[in-house]
Amino acid sequence: MEINNKGYLAGADVVAGFPSPADDFKDIPLDLNKKYVHNPSSTFFVRVKGDSMHGAGIDEGDLLIVDKSLTAMDGDIAICFLNGEFTVKKLQIKRDRIVLVPANDKYRPIEVPPDSDFLVWGVVRHIIKTIR
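Rules used in this analysis
Residues numbered from 1 in each chain as written. Predicted model: local features only at pLDDT ≥ 70, side-chain atom pairs only at ≥ 80, totals over all residues. Heavy atoms only, no water. Helix = DSSP H or I, 4+ residues; strand = E, 2+ residues; numbered from the N terminus. Buried < 20%, exposed > 50% of the residue type's maximum accessible area, 1.4 Å probe, protein only. Contact = heavy atoms within 4.5 Å. Areas by Shrake-Rupley, 256 points an atom, 1.4 Å probe, with all protein chains shown as cover. Core = buried A, V, L, I, M, F, W, Y, C linked by side-chain atoms within 4.5 Å. Salt bridge = Lys/Arg side-chain N within 4 Å of Asp/Glu carboxyl O. Phe/Tyr/Trp six-rings, centres within 6.5 Å; stacked < 30°, edge-to-face > 60°. Pairing = 2+ DSSP bridges. Axes fitted to C-alpha atoms, helices over the stretch in contact; angles between N-to-C directions.

> Tell me about the overall build of the chain, and please be specific about residues and values.
When you go through the chain residue by residue, the secondary structure sums to 1 helix and 9 strands. Element order for the chain, N to C, with α for helix and β for strand: β-β-α-β-β-β-β-β-β-β. Expressed as a percentage of its 132 residues, the buried residues of the chain come to 23%. Here the analysis covers contacts within the chain between residues at least 6 apart in sequence; of these, 51% occur between residues at least 24 apart. For the chain, the accessible area works out to roughly 10,100 Å², and carbon and sulfur atoms hold 54% of it.

> With reference to specific residues and values, describe the nonpolar core.
Ranked by size, the top nonpolar core spans 8 residues in total: Val-48, Met-53, Ile-58, Leu-64, Val-66, Ile-79, Val-88 and Val-124. Cys-80, Leu-91, Leu-100 and Val-112 belong to the second-largest nonpolar core, a separate cluster that totals 6 residues.

> Describe the pattern of salt bridges, with residues and values.
Enumeration over the complete set of coordinates arrives at 4 salt bridges. A salt bridge links Arg-97 to Glu-111, with the shortest nitrogen-to-oxygen separation between them at 3.2 Å. Taken together, the residues span a long stretch of sequence, with Arg-97 in the loop between strand E6 (85-93) and strand E7 (98-101) and Glu-111 in strand E8 (residues 110-112) at a distance of 14 residues. Its relative accessible area of 33% is what places Arg-97 among the partly exposed residues.

> Account for the packing of aromatic side chains, naming residues and giving values.
Applying the stated rule across the entire model yields 2 aromatic pairs. Note on Phe-86 and Trp-121: the rings are 5.3 Å apart at their centroids and 85° apart in plane angle, and the pair reads as edge-to-face. In this pair, Phe-86 is assigned in strand E6 and Trp-121 in strand E9 (residues 118-128), connecting sequence segments 35 residues apart. For Trp-121, a relative accessible area of 29% gives the class partly exposed. Clustering of aromatic rings is evident, with ring pairs tying together Phe-81, Phe-86 and Trp-121.

> Can you lay out unusual backbone geometry for me, pointing to particular residues and giving the numbers?
As a rule of thumb, non-glycine residues mostly have phi less than zero, and peptide bonds are mostly trans rather than cis. Non-glycine residue Asn-83 carries a positive phi angle of around 50°. Mapped onto the secondary structure, Asn-83 falls in the loop between strand E5 (77-82) and E6.

> Provide a residue-level description of the sheet that holds strand E4 (residues 63-67), including the pertinent values.
Reading across the sheet, the 7 strands line up as E3-E4-E9-E5-E6-E7-E8 and stay open at both edges, with antiparallel pairing between neighbours. Either end of the sheet is taken by a strand with one partner, and the two such strands are strand E3 (43-47) and E8. For this sheet, the mean inter-axis angle between neighbouring strands, taken without regard to orientation, is 45°.

Printed below as a string of structure tokens:
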């Protein structure tokens with residue numbers, strides 16, 4: 001390119017603003033499975049119904065990414081099967097008992113009786129929200 005006799009850069013366009021940082025990433029594909037699904041054969045998605053976990057940032061309509069391959073630990077949020085029903089709760093695991101703890105004061109913790117039909121179905125790894 002040359003500068004013409006009036007001192008202008010000949011044949012060049014200049015953007016009148018600042019370059020967008022997004023331009024550096026516009027060709028990079030986004031694969032949510034690679035980002036959030038670490039164990040594809042044991043990961044599933046579940047839609048939340050109800051408000052018992054509102055205080056943990058889990059609201060009705062949210063999509064949870066759940067991994068069945070993880071061992072549930074005290075304090076994990078998990079999908080649990082208790083006496084024929086599924087629920088999402090925070091686990092409180094003690095040596096001799098398990099308590100399913102909601103994150104909403106409208107609901108009471110559920111102590112899991114030793115003789116109940118109980119299973120931790122999977123550990124919640126991520127929450128996908130829809131903004132309305």
